[in-house]
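Fold and contact review
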Amino acid sequence: MTALVLIEIEQGQVRQASRSAIAAASHFGDVDVLLFGEGVDAASALSGVRKVLHVPAAPHLLAEPTAAFIAQHAEAYSHILSPASATGKNVLPRVAGLLDVQPLTDVIEIKGDDTFVRPIYAGNALVTVQSADRIKVLTIRSSNFDPVDATGGSAAVEVLDLPAEDEKSRFVRVELSNSDRPELEVARVIISGGKGVKDARNFETLLAPVADKLDAAIGASRAAVDAGFAPNEMQVGQTGKIVAPELYIAVGLSGALQHLAGMKDSRTIVAINIDPDAPIFKVADYGLVGDLFEVMPELAKAL
Ligand SMILES: Cc1cc2nc3c(=O)[nH]c(=O)nc-3n(C[C@H](O)[C@H](O)[C@H](O)COP(=O)(O)OP(=O)(O)OC[C@H]3O[C@@H](n4cnc5c(N)ncnc54)[C@H](O)[C@@H]3O)c2cc1C
């Protein structure tokens, strides 16, 4: 059996989430990766990869042409995977549709070639599903699989032609937020702010100094994002990013079910909240009942 993994590059490196998807794929046998655009050296150096299928001049992973391309090459593979990233969630269900198979999303455990575990109901139940489809199409929850090494491999590279022009969608522009902080999904430490942080400036003056000291990523609740305190891509939760860092510090957020769905698998959870009855304290390993406007500067100083 051979698996194909759609990988993504960021700043010349294969994203850690993609390397986790490769680790998941290695359960099935040989692993080939599919790379659109630049980054072929990084892809070829990945540990545990047999072959890189490289489409050089296609940097934007628009769903229509990308899915059509994968579907064209799918018959050589028993499993097709990607991380459950925005791109993976956009492309892979279309691939499954084109192949007339059922996609399995957000897989957290692989029990066999056709049997997988995935969370449902915002992570409150886990289902074990067996797929009878001839090709399994899976998106992988990266926090559940240790990434393969970025170096040490020397996979062969096969260059493939650009997918035919697709008239249905067109790339116009991208707006990226620039940050030197670690990526949210792979950070070892995350400090997240909620509505209690009160405004965007306080994210900078109260959360950022602590994040700097801990080399942490900064996250946010949906209420904080909706109020404009933080950009969308910082949202943790059911409709945001799913994270499982070693340390998750929740500051001024209540711990609604939909937020917990994104972070309750963190190894250690710390909550700082003025309300002793806030539900976040039910999942917190360490809780501090206090005013974040006093606690955060003290914490930054103590670190
Ligand atoms: C379909 C659906 C999907 C959703 N998806 C998500 C999601 O992905 N992620 C997500 O986060 N939410 C999501 N939500 C929203 C969720 O239900 C909550 O509304 C949201 O998480 C609340 O955000 P919050 O905790 O920041 O705000 P609040 O619930 O308003 O909590 C603010 C907290 O700050 C505390 N506080 C206030 N002042 C201070 C202070 N000075 N010091 C210390 N603490 C203080 C308060 O005690 C309170 O506990 C979703 C909702 C729906 C319906």
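- Per an unreviewed UniProt entry, the recorded name for the protein chain is Electron transfer flavoprotein subunit alpha, and the organism is Saccharibacter floricola DSM 15669.
- Per its UniProt entry, the protein chain bears the Sequence similarities (unreviewed entry) comment "Belongs to the ETF alpha-subunit/FixB family."

Observations regarding the overall build of the protein chain
- Helices and strands together make up the secondary structure of the protein chain, namely nine helices and 17 strands.
- C-alpha extents for the protein chain along the principal axes are approximately 60 × 40 × 40 Å.
- Classification of the 303 residues of the protein chain by burial places 48% in the buried group.
- Looking at the protein chain alone, contacts between residues at least 24 apart form 64% of all its contacts between residues at least 6 apart.
- In the form shown here, the protein chain has an accessible surface area of approximately 14900 Å², with 48% of it arising from carbon and sulfur atoms.

Here's the deal with the side chain of His 79
- Mapped onto the secondary structure, His 79 falls in strand 6 (residues 79-83).
- Separated by 2.9 Å, the side chains of His 79 and Ser 78 make a polar contact.
- Excluding residues that lie within four positions of it along the chain, His 79 makes contacts with Met 1, Thr 2, Ala 3, Leu 4, Phe 28, Asp 113, Phe 116, Lys 136 and Leu 138.

Here's the deal with the environment of Ala 200
- Tracing the sequence through the fold places Ala 200 in helix 5 (residues 200-214).
- Along the chain, Ala 200 and Val 210 lie 10 residues apart, while their C-alpha atoms are 16 Å from each other.

Describing the sheet that holds strand 14 (residues 217-220)
- What the five strands build is an open sheet, ordered 14-13-15-16-17; its pairing is parallel. With one partner strand each, in any of the chains shown, strand 14 and strand 17 (286-289) form the two edges of the open sheet. For this sheet, the mean angle separating the axes of adjacent strands, direction not counted, is 15°.
- Across four bridges, strand 13 (residues 189-193) lies against strand 14 in parallel orientation. Bridge pairing in strand 14 links Gly 193 to Ala 220.

So, the site of the ligand
- Surveying the vicinity of the ligand reveals 26 residues, the closest of which are Lys 195, Ser 221, Thr 239, Ser 254 and Asn 273.
- Within the complex, the protein chains bury 73% of what would otherwise be the 980 Å² of accessible surface of the ligand.
- Within the residue set of the shell around the ligand, elements represented by two or more residues are helix 6 (222-226), helix 7 (257-263) and helix 9 (292-302).
- Taken together, the residues of the shell around the ligand break down into seven nonpolar, 14 polar and five charged.

Re the nonpolar core
- Ranked by size, the top nonpolar core spans 28 residues in total, and within it Val 5, Ile 7, Ile 22, Val 33, Leu 81, Leu 138 and Ile 140 carry the most contacts.
- When residues of this core are traced back to their parent elements, those giving at least two are strand 1 (2-6), helix 1 (16-25), strand 4 (30-36), helix 2 (40-44), strand 7 (103-107) and strand 11 (136-140).
- A total of five residues in this core trace back to one element, the largest contributor, which is helix 1.
- In contact with Leu 138, not counting residues within four places along its chain, are Phe 28, His 79, Ile 80, Leu 81, Ser 82, Leu 92, Leu 104, Val 107 and Phe 116.
- Residues Leu 207, Ala 220, Met 234 and Val 270 belong to the second largest nonpolar core, which totals 25 residues.

So, unusual backbone geometry
- Of note in this structure, Asp 100 is not a glycine but carries a positive phi near 60°.
- Mapping Asp 100 onto the fold places it in the loop between helix 4 (86-99) and strand 7.
- In this model, Asp 106 sits at a positive phi of 60°, which is unusual for a non-glycine residue.
- Considering the arrangement of structural elements, one finds Asp 106 in strand 7.

As for the pairing of strand 5 (residues 51-55)
- Among the five residues of strand 5, four are classified as buried, and the element is accordingly described as predominantly covered.
- Bridging between strand 4 and strand 5 involves five bridges; their strand directions are parallel. Counterpart to Asp 32 in the pairing with strand 5 is Lys 51.
- Note that strand 5 and strand 12 (residues 156-159) share four bridges and pair parallel. Residue pairing across strands places His 54 opposite Val 159, the latter belonging to strand 12.

About the criteria used
- Residue positions are given per chain, counted from 1 along the sequence in the order it is written.
- Per-residue local features of the predicted model are confined to residues with pLDDT of at least 70, and side-chain atom pairs are confined, for both listing and counting, to 80 or more; whole-chain, interface and lining totals are unaffected and use all residues.
- Side-chain descriptors were evaluated using all non-hydrogen atoms of the structure, hydrogens and water having been removed beforehand.
- UniProt positions are given in the numbering used here, feature names are shortened, and annotations may be inferred rather than shown by experiment.
- Each helix is a run of DSSP H or I of at least 4 residues and each strand a run of E of at least 2, with the numbering of both proceeding from the N terminus.
- We call a residue buried when its accessible area falls under 20% of the maximum for its residue type, exposed when it is over 50%, and partly exposed in between, using a 1.4 Å probe and counting protein chains only.
- Pairs of residues are marked as contacts when any of their non-hydrogen atoms sit within 4.5 Å.
- Surface exposure here means Shrake-Rupley accessible area, sampled with a 1.4 Å probe, where a residue is shielded only by the protein chains that are shown.
- Polar contact is defined as a pair of N or O atoms within 3.5 Å, subject to the rule that within protein one atom must be able to donate a hydrogen and the other to accept it, and that residues adjacent in sequence are counted only when both atoms are side-chain atoms.
- For two strands to pair, DSSP has to find at least two bridges joining them.
- The convention used is that axes are lines fitted to C-alpha atoms, helices contributing only their stretch in contact, and that angles between N-to-C directions extend from 0 to 180 degrees.
- Near is defined per residue: the residue qualifies when any heavy atom it owns lies within 4 Å of the molecule or strand.
- As a working rule, the residues Ala, Val, Leu, Ile, Met, Phe, Trp, Tyr, Cys and Pro are called nonpolar, Asp, Glu, Lys and Arg charged, and the rest polar, with Gly in that last group.
- As used in this record, nonpolar core signifies buried Ala, Val, Leu, Ile, Met, Phe, Trp, Tyr and Cys residues forming a set joined through side-chain atoms within 4.5 Å.

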